[in-house]
Amino acid sequence: MAANQTKAARADIDPITFSVVWNKLQYLAEQVGEKVLYSTQSFVTALARDLGQSILDPRGKIVVAASSAPIHAMVAEEAIKGLESKFHGDYQPGDFIVANDPYIVKGGHLPDWNFIRPLFFEGELLGFFQAKTHVSDTGGFLPGGYGAGAYDIIAEGLNIPPMKLIKRGVVQQDLWDLVLRNVRMPTELDMDTRLINGCMAHAEEQLQHLCRKYGAATVKACMAEIVAAGERAMRAEIAKIPDGVYEAESACDWDGHDDRQIFVRVKAVVDGDSLTFDFSGSDKQATFVNCPVGVTICSAMVGLFYLVDASVPKNGGALNPVKFVMPEGSVVNPRYPATVGASQISVGTQIVEACMLAIGKALPDRAMAAWSKHLCPINIGTMPNVIDPRTRHARNYFTETFGSDGGSGAVKHHDGWLGAGFQSACANLVRPNIEFFESSSPYLVTHYEVLQDWEGAGEFRGSPGSYVRFVARTQPGAMSLLMTGNSDGQRSAPSGVAGGGSGPCAEMEIVSPDGKQRRVLRTFETKPIFPGEACETRNSGGGGWGDPLARDAQNVRADVQSGFVSAGRARDVYGVVLDASGGAVDEAATRRQRAALRAAAGAAR
């Protein structure tokens, strides 16, 4: 990308000032996230980094975004539209707004709350700070927000329209008490909410200092020019894509109700420096997996960002050249009161994948194969033998290992990243350590391994898959459930690109204490696990890029020695024959084997 695409185009903005303001705003967005991470009470936020922050201008355009989960940061513009539908510009210094209603702020499932603070300098509105994260609890018929089977969105949990929890610096305690009375972990939620407001207030102070140094007019002009730079950069990237219509699809396993796969289908229409994502072919709305339009938009942008120059600013300007067709009543734009519990983790991921695969057809040298899906049962229940001293009640737990997340798909010249996770998180989420998982829930992790022969084959292979096994050390009679509404991939394998192979489908099982009985644990359901039983998960790796028979034979040998690929798969899929010791490639036998495999493939066509 040309360097001037991210420089100020306005002659009245000093380039050094522009750079300083841009970097300061980016720093403030990131700083708030880091502060929250080190103090939050939500395990999903603290240990998986499931959060995102954005600073927006007074028009509600994202200026800068900092995120561990991109879908939390890039959805901010829809959140501000939701606020405006209620407040119509009525913001005052010291206001602090919370919301999670997916049909107003349109940001995903109910545990992901939007926290928004209008930013002021000497009474003038400079913009908004938005942070979004998975809070400790938000009510509903099951903890965590990933329980399939809710009757409607009301049953899934508290639906909070934009409300000023703090007005002009004063907490609206009666309103807040009502919310806290209807969640399972009120102390944790109260602490986190006050924490986030405090972090934003400090960021506002630093922004005010910036205005005192350079002037509010200069800071606002820089914010507008940052957005403009994002648009210039994205238009330049789209212009490199050949004009045309490119189609792709991706499917999640089911919706926890109707036993059929749910498809996202997209047409990517490229016209000059503009792009349209048309989702008209996607399935009608279902239950549980539906995506509010904010999630649809930012998931599609994630798929696009994967294939454009990495220096394109992730802001509202980059959104401007992209249009969206999202039919109401479909899985990408559901009607109230449809449930949305798995919106980001399932159909949101399918949107990322479909858009990325579609654009990849236009840019095969930049195409990326699909990643593994998120596959990790959530452990929920009670520990009657452990009394919480704060509440004098038996301890409740809600946790997961994140361990069985697989890895990324391959790109030209690079194999997939091992253990990168699922695609919509862009490898930004991290795994909580095993010691925390075992100390906070009655489970023992016995295996945490890489799976052999579970990669998508290719000239550049996808990441290997992963295997996790944990054993229930629960008390007899205690509630102990595995909730798999956050898991996917048992029916649809990660797609390869440019002739690469797909990864395998995922598997989950519950195994009896003696190991003789196994029952399949499906995605999008909630099932009990009993003392002594084990849960085993096998998640696919990523898809491959290019013909597996073109893979460098020495790379195949290295994969065999690393345990990623067996000698048999090396021979049968990659056409690489190793000598008896397995330490060297038999060059002559490899040439014969690859010729035979190519001939067989040609005959099968």
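Quick note: structure is the one above.
Keep in mind it's a predicted model, so treat the numbers as computed, not measured. (Residues numbered from 1 in each chain as written. Predicted model: local features only at pLDDT ≥ 70, side-chain atom pairs only at ≥ 80, totals over all residues. Heavy atoms only, no water.)

### Notes on helix α1 (residues 15-37)
Next up, step 1: Between its first and last C-alpha, α1 extends 33 Å over 23 residues, near the 33 Å set by a 1.5 Å rise per residue.
Next up, step 2: Looking at the packing, one finds that the buried side of α1 touches α2 (43-48), β1 (51-56), β2 (62-67), β5 (124-134), α7 (186-214) and α8 (216-238).
Next up, step 3: Where α1 begins, the capping side chain belongs to D14, and its oxygen is found 3.3 Å from the backbone nitrogen of I16. (Helix = DSSP H or I, 4+ residues; strand = E, 2+ residues; numbered from the N terminus. Expected span 1.5 Å × (residues − 1). Contact = heavy atoms within 4.5 Å. Polar contact = N/O pair within 3.5 Å; in protein donor to acceptor, adjacent residues only side chain to side chain.)

### Examining the pairing of strand β17 (residues 507-511)
Next up, step 1: In terms of burial, β17 is a largely internal element, 4 of the 5 residues being buried.
Next up, step 2: Pairing between β17 and strand β20 (residues 534-539): 5 bridges, direction antiparallel. Directly across from I510, in β20, lies its bridge partner C535.
Next up, step 3: Pairing analysis gives 3 bridges linking β17 to strand β18 (residues 518-520), with the strands arranged antiparallel. Note on β18: the bridge partner recorded for E509 is V520.
Next up, step 4: Connecting the antiparallel pair β17 and β18 is a turn made up of 6 residues, with G515 showing a positive phi of about 80°. (Buried < 20%, exposed > 50% of the residue type's maximum accessible area, 1.4 Å probe, protein only. Pairing = 2+ DSSP bridges.)

### Description of the layout of surface pockets
Next up, step 1: In this structure, the largest pocket spans a volume of roughly 970 Å³.
Next up, step 2: Lining the largest pocket we find 40 residues, and of these F305, Y306, A310, K314 and C426 sit closest to its centre.
Next up, step 3: When residues of the lining of the largest pocket are traced back to their parent elements, those giving at least two are α1, β2, α3 (70-73) and α9 (293-305).
Next up, step 4: With 5 residues, the single largest contributor to the lining of the largest pocket is β2.
Next up, step 5: Its boundaries defined by the atoms lining it, the second largest pocket holds a volume of some 680 Å³.
Next up, step 6: Mapped by element, the contributors of at least two residues to the lining of the second largest pocket are α2, α7, β13 (393-399) and α12 (434-440).
Next up, step 7: Ranked by residues supplied to the lining of the second largest pocket, first place goes to β13 with 7 residues.
Next up, step 8: Along the lines of polarity and charge, the residues of the lining of the second largest pocket split into 10 nonpolar, 10 polar and 5 charged. (1 Å grid on protein atoms, 1.4 Å probe; cavity = no way out; pocket = protein on both sides within 12 Å on 5 of 7 lines; lining within 4 Å. Points joined across faces, edges and corners; volume = space filled by probe spheres on them. Nonpolar A, V, L, I, M, F, W, Y, C, P; charged D, E, K, R; others polar.)

### Some thoughts on the packing of aromatic side chains
The description of an aromatic ring pair uses the distance of the two centres, along with the angle that the planes make with each other.
Next up, step 1: One pass over the structure, following the stated rule, counts 18 aromatic pairs.
Next up, step 2: A ring pair is formed by F87 and Y91, whose centres lie 6.0 Å apart and whose planes are at 65°; its orientation type is edge-to-face.
Next up, step 3: When its relative accessible area of 11% is taken as the criterion, F87 is described as buried.
Next up, step 4: Here Y103 and Y336 contribute two aromatic rings whose centre-to-centre distance is 5.4 Å and whose plane-to-plane angle is 85°, an arrangement assigned as edge-to-face. With a gap of 233 residues between them, Y103 in the loop between β3 (96-99) and β4 (112-121) and Y336 in the loop between β11 (322-325) and α11 (347-362) connect regions that are remote in the sequence.
Next up, step 5: Ring pairing ties together the aromatic residues F96, W113, F115 and W176, which thus form one cluster.
Next up, step 6: If you follow R522 out to its NZ or CZ, it ends over the ring of W254, 3.9 Å from the centre. (Phe/Tyr/Trp six-rings, centres within 6.5 Å; stacked < 30°, edge-to-face > 60°. Lys NZ or Arg CZ within 6 Å of the ring centre and 35° of its normal.)

### Concerning the packing of α1 against α8
Next up, step 1: Contact pair α1 / α8: the axes reach a minimum separation of 10 Å and the direction vectors enclose 80°. Classified by the interaxial angle, the pair formed by α1 and α8 is roughly perpendicular. Residues T17, F18, V21, W22 and L25 of α1 touch α8, and the partners they reach there are T218, C222, M223, E225, I226 and A229.
Next up, step 2: Taken together, the residues of the contact of α1 with α8 break down into 8 nonpolar, 2 polar and 1 charged. (Axes fitted to C-alpha atoms, helices over the stretch in contact; angles between N-to-C directions. Parallel < 35°, antiparallel > 145°, perpendicular 65-115°, else oblique.)

### Comments concerning empty space enclosed by the protein
Next up, step 1: Following the criterion strictly, the structure yields 4 cavities of 30 Å³ or more and no others.
Next up, step 2: Volume-wise, the largest cavity comes out at about 220 Å³.
Next up, step 3: Together, 20 residues line the largest cavity, and D50, Y146, I345, F422 and L429 are the ones closest to its centre.
Next up, step 4: Approximately 40 Å³ is the volume attributed to the second largest cavity.
Next up, step 5: Lining of the second largest cavity is provided by V32, G33, V36, L51, G52, Q53, A131, K132, T133 and I196.
Next up, step 6: At the level of elements, α1, β1 and β5 are the ones that each hand at least two residues to the lining of the second largest cavity.

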